[in-house]
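# Structural overview for review
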Amino acid sequence: MADELFTLAAATTGTPASAPFGRVLTAMVTPFHDDGTLDLDGAAALTEDLIERGCDGLVLSGTTGESPTTSDSEKDALLRTVLDAAKGRAKVVAGVGTYDTHHTIELARSAEKAGAHGLLVVTPYYSRPPQEGVRRHFTAVADATDLPVMLYDIPGRSVVPIATDTLFRVAEHERIVAVKDAKGDIFASSEVMARTGLAYYSGEDALNLALLTHGAVGVVSVVAHVAAREYSQMTRAIDSGDLVRALRLHRQLIPAVRAIMTRTQGAIMVKAAVHASGLIASRQMRSPLIPATDEQVAQMRTDLAEAGLL
């Protein structure tokens, strides 16, 4: 059976033709001090650690970065700090998505001025726009700068998915080049990958292996805070057609995904994991999110040990 899997993988996989933002991207936490102020020293230390362990891309001010509760000036300061710490060794993608097209464009232009390598733009949330409104929002943001754009499809948070037909249409825009896919519809994602040049990134750690084997070029991962090296190994295994090794890595990381993504909000647990590693000074969250409890941290340590990550 293993030989059959290897033969199938070798016939259907290969190094992706285009991975515009890298292969293993971490959806970075935003570190805070105990008093809730921005911890830029912690952000710089975390940047260095993630790059050393195999991340070639960093995504700032997304869901895990608590973007709804950071100010525009804080987003700018964080972006400039991470760019300075990265020193060109990783692509730095700035999350600029909001439910207001005008505000999103302002953030996009600010990120371009700061030196970001690309933009992450989530589907407008809360207001539940129709698909034509979604399309116009994305194209307006893409028109506003010269930066490449990664769309963020996460209907579990935005309520509105990016419809397949909408993705077909926006793929015609020269600067809309990628999708962070957290929709959980692998068939729909496969169809878009088959019919467009959009580079797909898995945005749901539980489905990293599945999406990579269907043609995704990489991952935008929360769990990569603690497993960047393993996800880098997984992408290389798939590139070489070694699905057996990729599956082994996936199964090894199941306890880590469980620890970080299923016990409470993922940003809470992964920030606790980074704090436990000593890279940042606090596990403080911005309200309405709350820090992990000591009991949650103890359970997380048990899970990460089971995954071989402690």
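Residues numbered from 1 in each chain as written. Predicted model: local features only at pLDDT ≥ 70, side-chain atom pairs only at ≥ 80, totals over all residues. Heavy atoms only, no water.

To keep things clear, this is the line we draw: UniProt positions are given in the numbering used here, feature names are shortened, and annotations may be inferred rather than shown by experiment.
The protein chain appears in an unreviewed UniProt entry as 4-hydroxy-tetrahydrodipicolinate synthase from Phytoactinopolyspora halophila. As its UniProt record puts it under Pathway (unreviewed entry), the protein chain is described as follows: "Amino-acid biosynthesis; L-lysine biosynthesis via DAP pathway; (S)-tetrahydrodipicolinate from L-aspartate: step 3/4." The protein chain has a UniProt comment under Sequence similarities (unreviewed entry) that states "Belongs to the DapA family."

## A few points about the UniProt feature "active site" (unreviewed entry) in the protein chain
Worth spelling out the cut-off: Helix numbers and strand numbers start at the N terminus; a helix is a DSSP run of H or I with at least 4 residues, a strand a run of E with at least 2. Contacts are residue-level and defined by heavy atoms, with any inter-residue pair within 4.5 Å sufficient. Under this definition, polar contacts are N or O atom pairs within 3.5 Å; protein pairs additionally need one hydrogen-donor-capable and one acceptor-capable atom, and for neighbouring residues in sequence, both atoms have to be side-chain atoms.
The residues that UniProt annotates with the feature "active site" (unreviewed entry) are Tyr152 and Lys180. Annotated residues spanning 29 residues; largest pairwise C-alpha distance 4.7 Å, indicating a single compact cluster. Assignment of secondary structure puts Tyr152 in strand S5 (residues 149–153). Those residues in contact with Tyr152 that sit more than four places away from it in its chain are Thr63, Leu120, Val121, Val122, Thr123, Ile162, Lys180 and Ala182. Looking at Tyr152, its side chain comes within polar contact range of the side chain of Thr63, at 3.3 Å. In this structure Lys180 touches Ala27, Leu120, Met150, Leu151, Tyr152, Asp153, Tyr201, Gly203 and Val220, once residues within four positions along its chain are discounted.

## Describing the packing of helix H3 (residues 72–86) against helix H4 (residues 101–114)
Threshold: With axes taken as lines fitted to C-alpha atoms, and helix axes fitted only over the stretch in contact, angles between N-to-C directions fall between 0 and 180 degrees. The scheme is simple: roughly parallel for angles under 35 degrees, roughly antiparallel for over 145, roughly perpendicular for 65 to 115, oblique for anything else. Two helices that cross are described as forming a left-handed crossing if the nearer one is turned anticlockwise from the farther one by less than a right angle, and a right-handed crossing if clockwise. Any residue that is not Ala, Val, Leu, Ile, Met, Phe, Trp, Tyr, Cys, Pro, Asp, Glu, Lys or Arg is counted as polar, Gly included; the first ten are nonpolar and the last four charged.
Interhelical geometry of H3 versus H4 gives an angle of 30 degrees and a closest axis separation of 10 Å. Considering the angle they form, H3 stands roughly parallel to H4. In this structure, H3 crosses over H4, and the sense of that crossing is right-handed. Mapping the contact onto sequence places Asp72, Lys75, Asp76, Leu79, Arg80 and Leu83 in H3 and His103, Leu107, Ser110, Ala111, Lys113 and Ala114 in H4. Counted by class, the contact of H3 with H4 contains five nonpolar, two polar and five charged residues.

## Looking at unusual backbone geometry
Here is the rule we go by: Each residue is assigned to one of three classes by its accessible area relative to the maximum for its type, calculated with a 1.4 Å probe on protein chains only: buried under 20%, partly exposed between the two thresholds, exposed over 50%.
Residue Pro288 is bonded to the preceding Ser287 through a cis peptide linkage, with omega at 20 degrees. If you trace the backbone, Pro288 turns up in the loop between helix H12 (266–276) and helix H13 (294–306). Unlike most non-glycine residues, Tyr126 shows phi in positive territory, near 70 degrees. Here Tyr126 is to be found in the loop between strand S4 (118–122) and helix H5 (131–144). By relative accessible area, Tyr126 is classed as exposed at 72%. At Arg128, a residue that is not glycine, the phi angle is positive and equals roughly 55 degrees. Looking at the element boundaries, Arg128 is found in the loop between S4 and H5. You can call Arg128 exposed: its relative accessible area is 58%.

## A closer look at the UniProt feature "site: Part of a proton relay during catalysis" (unreviewed entry) in the protein chain
Cross-referencing UniProt, the feature "site: Part of a proton relay during catalysis" (unreviewed entry) maps to Thr63 and Tyr126 in the present numbering. Checked against the element boundaries, Thr63 lands in the loop between strand S2 (57–60) and H3. Those residues in contact with Tyr126, other than ones at most four positions away along the chain, are Tyr99 and Ser158.

## Here we look at the confidence of the model for the protein chain
Spelled out, the test is: Confidence scores here are pLDDT values: one per residue, from the predictor, ranging 0 to 100.
The pLDDT averaged across the protein chain works out to 94; a share of 95% of its residues lies at or above 70. Below pLDDT 50 for its whole length, residues 1–15 participates in 13 contacts with residues either more than four positions away or in separate chains.

## Observations regarding H12
Counting buried residues in H12 gives nine out of 11 residues, a clear majority hidden from the surface. Inspection of H12 places Gly266, Ala267, Ile268, Met269, Val270, Lys271, Ala272, Ala273 and Val274 among the buried residues, and these make up the whole buried set. At its buried positions, H12 is contacted by helix H2 (40–52), helix H10 (224–239), helix H11 (243–261) and H13. At the N-terminal boundary of H12, the capping side chain belongs to Gln265, with an oxygen 2.6 Å from the backbone nitrogen of Ala267. Trailing H12 by a residue or two, Gly278 shows a phi angle of about 90 degrees, which is positive.

## Some details on the pattern of salt bridges
Heads up, the rule is: Whenever a carboxyl oxygen of Asp or Glu lies within 4 Å of a side-chain nitrogen of Lys or Arg, that contact is scored as a salt bridge.
Under the definition given, this model contains 17 salt bridges. Here Glu48 makes a salt bridge to Arg89, at a shortest N to O gap of 2.6 Å. One end of the pair, Glu48, is in helix H2; the other, Arg89, is in the loop between H3 and strand S3 (91–95), with 41 residues separating them in the sequence. One network of salt bridges, with partners in common, ties together Glu132, Arg135, Arg136 and Arg169.

## Quick word on the packing of aromatic side chains
The cut-off we apply is this: Ring geometry is summarised as follows: Phe, Tyr and Trp rings, the Trp one being its six-membered ring, pair when their centres sit within 6.5 Å, and such pairs are stacked at plane angles under 30 degrees, edge-to-face over 60 and tilted between the two. Two thresholds decide whether a charge sits over a ring: the Lys NZ or Arg CZ must be within 6 Å of the ring centre and within 35 degrees of the ring normal.
Taken as a whole and assessed by the stated rule, the structure comprises three aromatic pairs. Ring centres of Phe21 and Tyr201 lie 6.4 Å apart, and the angle between their planes is 50 degrees; this geometry places the pair in the tilted category. Placement of the pair is Phe21 in the loop between helix H1 (2–12) and strand S1 (24–27) and Tyr201 in strand S7 (residues 199–202), with a sequence separation of 180 residues. Just as Phe21 is buried, Tyr201 falls in that class too. Between Tyr99 and Tyr125, the aromatic rings sit 5.0 Å apart at their centres with planes inclined by 50 degrees, giving tilted as the arrangement. Taken together, the residues span a long stretch of sequence, with Tyr99 in the loop between S3 and H4 and Tyr125 in the loop between S4 and H5 at a distance of 26 residues. With relative accessibility at 25%, the residue Tyr125 sits in the partly exposed group. We note Lys180 situated over the ring of Tyr152; from NZ or CZ to the ring centre the distance is 4.1 Å.

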